[in-house]
Every structure is written in C-alpha cells, then in structure tokens.
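Summary of the model geometry
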Amino acid sequence: MARVFASIMLLALGFSVALAADHSPLQDFCVADPNGQVLVNGMTCKNPSSVQASDFYFGGLHMMGNTSNAVGSRVTPVSVTQLAGLNTLGISLARIDYAPWGINPPHTHPRASEILVVLEGSLEVGFVTSNPENRHISKVLYKGDVFVFPVNLVHYQRNNGKMNAVAIAALSSQNPGVIPIANVVFGSKPDISTDILAKAFQTSDDVISNIQIKF
C-alpha cells in the first residue's frame, strides 16, 4: 500500500509540473489573428492557407530609437503584437537605445526571463532578488557582453558612458509584458491613495502628490 501511495504521489507531482509549463505548439505555426473574436490565453490563429512570409517578418530593427524623453532610452519591441508569427512560439526580442547616461528604468517582465547583449557602448545593469534578501546584483557590461535577468525580478540598465549605447534583449515569451515600477506605483489610473504611498515610502503626502503629477 505504501508503494502504491508513493507511486500516486509521484504521478501527481509529475502532472502538476507538466501543468506549470507552457504547452508546446500542436502544429507547425499559429500566426496570430488580430481580428480573432475568441478569447483565449494568447491569440487565435489565422487560417494556415492565408499565411504569408510577411507574417514571419519584421523590418527596421537597425534603426535607432528616439531617446529624447525623460529617461533617455527607447525600447523597440518585437513581440507577437509586432510579429504575428511569434504566436505560441514563446520567444520575442527588443532593441534598446540609450542616450548618454540614459536609463531603462526599473521594471519587470511578468512572463519572461531576459537575456541582453550589448552591441555598442557600455551599460551598468542589475536586478534585485525577492524578499527578504532584496539583494542587488549588478555589473558593468561592454560591447559583446551578455547578462541574464531572471523572470519577474525588478531590473534596469543605465548607459554609463558619454556615447550612445545599443543592446538587444531576447525574452522567453511571445508576450513578455512589462511593468515599469514608477509608472505603475505613481501613474496608476485612478491613483493609489497618497496616504497609502506615503506610508509605504515613509514620506509625506505632499511628496507623493508631487511625484504623481509627473506621471
């Protein structure tokens, strides 16, 4: 009886692990149909007979992004929204341009790990582990260097040079999502109550209100 119970427990564990992973595609491809009316966890498929080479193509990643903004960086994503052929494949990428001393502010990707390679310039990069350690792991990268950001951990990049910098990031989801920490906390609609944020950040309501105005 004990051996039977142990076998059942192992099967249950294996089944739960299988459910925790994304399913593999069940056909050659599932090109996203932006006009699909069925609500699914992802995007519905176009009729395979109408699929063209353009469904698997994205052009223009060689072009520099406009970094003339408050943070001094620009992300050019290539996810399923921009490239329909990525649907169900579990991958995407992005080009990130940085002005001198520009930053890609602290953010998370709720559905993906990220691997980043520096093409030009140098970047200070880092991420923070979860509670209770909150350990800050950081490194300065140079052209050709690679760094990995684990799934859902808060991370950032900063151009620490006087020249423009460029990086390419690959992500383990066709739709990784992005949660910019400052935007989410201070720019939510409707606002999070200032007294809640003031207590969380151990500051005054006036300070929080002044920050919220900027977002």
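Residues numbered from 1 in each chain as written. Predicted model: local features only at pLDDT ≥ 70, side-chain atom pairs only at ≥ 80, totals over all residues. Heavy atoms only, no water.

**Considerations on the packing of aromatic side chains**
Two numbers describe a pair of aromatic rings. These are the distance of the centres and the angle of the planes. Under the definition given, this model contains five aromatic pairs. Ring plane angle 50 degrees and centroid distance 6.2 Å describe the contact between Phe 127 and Phe 147, whose orientation is recorded as tilted. Residue Phe 127 is found in strand β5 (residues 123-128), and its partner Phe 147 is found in strand β7 (residues 146-149); the two are separated by 20 residues along the sequence. Across the pair, exposure class does not vary: Phe 127 and Phe 147 are buried alike. Taken together, a centroid distance of 6.2 Å and an interplanar angle of 25 degrees make the contact between Phe 186 and Phe 215 stacked. Linking Phe 186 in helix α2 (residues 181-186) with Phe 215 in the segment after α4 (205-214), this pair joins segments that are 29 residues apart in sequence. Phe 186 gets classed as buried once you look at its relative accessible area, which sits at 10%. (Phe/Tyr/Trp six-rings, centres within 6.5 Å; stacked < 30°, edge-to-face > 60°. Helix = DSSP H or I, 4+ residues; strand = E, 2+ residues; numbered from the N terminus. Buried < 20%, exposed > 50% of the residue type's maximum accessible area, 1.4 Å probe, protein only.)

**Things to note about the sheet that holds strand β3 (residues 103-108)**
Ordered by their spatial adjacency, five strands build an open sheet running β6-β5-β8-β3-β10, and the pairing between neighbours is antiparallel. Two strands bound the open sheet, and with one partner strand each, they are β6 (136-141) and β10 (179-180). As judged from the six bridges shared by β5 and strand β8 (residues 154-159), these two strands associate in the antiparallel manner. Note on β8: the bridge partner recorded for Val 125 is Gln 157. (Pairing = 2+ DSSP bridges.)

**With respect to unusual backbone geometry**
Cis peptide bonds are those with omega within 30 degrees of zero, and the linkage from Asn 131 to Pro 132 qualifies with 5 degrees. One can find Pro 132 in the loop between β5 and β6. Residues Lys 189 and Pro 190 are joined by a peptide bond in cis, for which omega reads -5 degrees. Here Pro 190 is to be found in the loop between α2 and α3 (194-200). At Thr 88, a residue that is not glycine, the phi angle is positive and equals roughly 75 degrees. Structurally, the position occupied by Thr 88 is in the loop between β1 (73-78) and β2 (92-98). The backbone of Trp 101 shows a phi angle near 65 degrees, a positive value even though the residue is not glycine. Within the secondary structure, Trp 101 sits in the loop between β2 and β3.

**Some points on the UniProt feature "binding site: oxalate" (unreviewed entry) in the chain**
What UniProt calls "binding site: oxalate" (unreviewed entry) maps, in this numbering, to Asn 104, His 109 and Glu 114. Secondary-structure assignment places His 109 in the loop between β3 and β4 (114-120). Excluding residues that lie within four positions of it along the chain, His 109 makes contacts with Glu 114, Val 151, Asn 152, His 155, Leu 171, Pro 176, Gly 177 and Val 178. One polar contact links His 109 to Glu 114, side chain to side chain, over a distance of 3.0 Å. The topology assignment puts Glu 114 in strand β4. For Glu 114, a relative accessible area of 4% translates into the label buried. Leave out the neighbours within four places in its chain, and Glu 114 touches His 107, His 109, Phe 147, Val 148, Phe 149, His 155, Gln 157, Ala 169, Ala 170 and Leu 171. (UniProt positions renumbered as here; feature names shortened; annotations may be inferred. Contact = heavy atoms within 4.5 Å. Polar contact = N/O pair within 3.5 Å; in protein donor to acceptor, adjacent residues only side chain to side chain.)

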